[in-house]
Amino acid sequence: MMVRILIFILSAAFFAFVSTLILRIDGRVVAEAFGARYDIHTGAALLFATIATALAIIAILIIRAMTRAPDAVRSMADEGNRARGFNALIRGFEALAVGDGQAALQQAAIAERKLRDTGLTRLLRAQASLLSGDDKAAQETFSAMLAAPESEFLGLRGLYLQAERAGEREAAYAYAERAFALHPDAQWAFDSVFAGGLERGAWGQMRETLETARKHKAIDSEKARRGQAALLAADAAAAASSGDERLALRDAEKALKLAPGLTPVAILAARLQGDSRKSRALTILGASFAKTPHADIVDAMNALLAGEPPGKRAKSLERLAAEAPQSHEAAIANAMARLALKDYRGAGAIFAPVLRVRASARLCTMMAEATIIAGGPGHEAIARDWLKKAAAAPRETDFSRGGVQLSRGMWGRIVREFMDAERLAPLSLEAGEDRGLTEEELKQLSFAAGPSSAQGGIDPNRSEEAELAHSERGEAAEAKLVGDRIIAARAVAAAGEVS
């Protein structure tokens, strides 16, 4: 209060000082107007002009204030409505949080009146309708939100969730696709579009979707790279299945550049090289095995080497094992090398440590094959027991044909698993049942008899011509022992029954 009084006193003093200065100005101002002559003191004329100007300014301000008064009143009313509307929105969402659908609907009605039907009020009404069990009203509200650009994305999200709950997969996918076009950085929209594309087998379209999502940070670059590789692998397998080997090889090599350890595409690329580029095929398999050891790589290499002398085949398998020496798959490769040399006991000794840890269907089948061809007392019963264990063991996905035989659904799962976790299949739900064999079981299932490398096997120092001659003198089945699953059927037949 004192400050205001002081300001008033100072202002009055200033005005008096200025007026005194003006009035002290000497001179006269002579003017004529409307037939009259005026002779005024110069200072008085200036003071009059100043006062007149001030009054004019005040008058203008008063007139402007009066003309703007209705707008100001409306603005104040609108501000009050907005405040009450936002309070209603807050109370409405609070009601949603506690599960009171009717209260939320009441607050939504207030918010709609006060806020003139904004996107938030529609969202509140839609959510309140859902909570109250009125799905039709919620759908109508979400659909109405699509007409306004500012609420379109929220409306699509609501319609998508409704379609998902109703099991309407195609409708949900369409809403997600539209939402992804609006906001490529929306994680839920990308996930839905990508999952739907994998389900339909749209590998090429999903590569474009993945690249868009990567650019907008909906997925990190490393995952996107793995996803692109897996999608190219699926495309390559589809092309190979349709007979277009040129396109299949092109896509397979692109995939290998992105992910050398992707087992099915490495096997497919190796198979498509043809006999003229066998060394290139072996290099591809070796690089893939070094990155991701897999037993199907061993099988694929063994199949490529089927026409080679046993000694050369064994050396190639041992080199493959050296790419990942600590893996179980390396033990399989080394065992196959011993089997190529007909050193059955040596193969059994290599298999034993692996079987103590994990008696997989593949290993048990290979032991049955080796038992039959090694021969000896009781070999048929032992082979039959191995096959029983193989039948009870968890199954592994077979990539021996480069994934060409896999279904669209299986490829979709491979793409998702490799992209998300850099593995080819989900972690087995039966992992707890995938136990190794005990020492007693290994003893019972060991080779009863049969030649070793010293008794009837192939001498590694023998010439290739001698090896071929020796192989031709043996049984034809023995020449195709390892990696050929037909031998398993022969073993069953020799055992006399299928268990």
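Residues numbered from 1 in each chain as written. Predicted model: local features only at pLDDT ≥ 70, side-chain atom pairs only at ≥ 80, totals over all residues. Heavy atoms only, no water.

Engineer: Just checking my understanding: could you explain the packing of aromatic side chains for this structure?
Structural biologist: The description of two aromatic rings rests on the distance between their centres and on the angle between their planes. With the rule as written, the count across this model stands at 4 aromatic pairs. The structure contains a cluster of three or more aromatic residues connected by ring pairs, namely F153, Y160 and W188. Lying over the aromatic face of W188, R157 brings its terminal NZ or CZ to 4.8 Å of the ring centre. (Phe/Tyr/Trp six-rings, centres within 6.5 Å; stacked < 30°, edge-to-face > 60°. Lys NZ or Arg CZ within 6 Å of the ring centre and 35° of its normal.)

Engineer: Can you walk me through the packing of helix α8 (residues 187-200) against helix α20 (residues 408-421) in this structure?
Structural biologist: In a packed pair of helices, the relevant descriptors are the angle between the two axes and the axis-to-axis distance. Contact geometry of α8 with α20 gives a least axis separation of 7 Å together with a crossing angle of 145°. Residues D191, F194, A195, L198, E199 and R200 of α8 form the contact with α20, whose participating residues are R408, G412, V415, R416 and M419. A class-by-class count of the residues in the contact of α8 with α20 yields 5 nonpolar, 1 polar and 5 charged. (Axes fitted to C-alpha atoms, helices over the stretch in contact; angles between N-to-C directions. Helix = DSSP H or I, 4+ residues; strand = E, 2+ residues; numbered from the N terminus. Contact = heavy atoms within 4.5 Å. Nonpolar A, V, L, I, M, F, W, Y, C, P; charged D, E, K, R; others polar.)

Engineer: Which parts of the structure should I look at to understand helix α14 (residues 295-304)?
Structural biologist: Counting along an α-helix, one turn takes 3.6 residues, and residues three or four places apart therefore face a common direction. Where burial is concerned, most of α14 is hidden: 8 out of the 10 residues are buried. On its buried face, α14 sits against α12 (263-272), α13 (278-291), α15 (310-323), α16 (328-340) and α18 (361-374). (Buried < 20%, exposed > 50% of the residue type's maximum accessible area, 1.4 Å probe, protein only.)

Engineer: Looking at this structure, I do not really get the confidence of the model for the chain. What am I missing?
Structural biologist: Where the model shows low pLDDT, its predicted coordinates should not be examined in detail. Here the chain averages 79 in pLDDT, and 79% of its residues register 70 or above. pLDDT under 50 marks residues 429-433. Its contacts with residues more than four places away, or in other chains, come to 1 contact. This stretch, residues 448-499, has a pLDDT under 50; its non-local contacts, to residues over four places away or in other chains, come to 94 contacts. (pLDDT = per-residue confidence, 0-100.)

Engineer: Honestly, the environment of S192 in this entry has me stumped. Any pointers?
Structural biologist: Residue position: S192 is located in helix α8. Separated by 32 residues in the primary sequence, S192 and Y160 place their C-alpha atoms 9.6 Å from one another. In this structure, S192 is in contact with Y160, A172, Y173 and A176, ignoring residues within four places of it in sequence. Within polar-contact distance, the side chain of S192 engages the side chain of Y160 at 3.5 Å. (Polar contact = N/O pair within 3.5 Å; in protein donor to acceptor, adjacent residues only side chain to side chain.)

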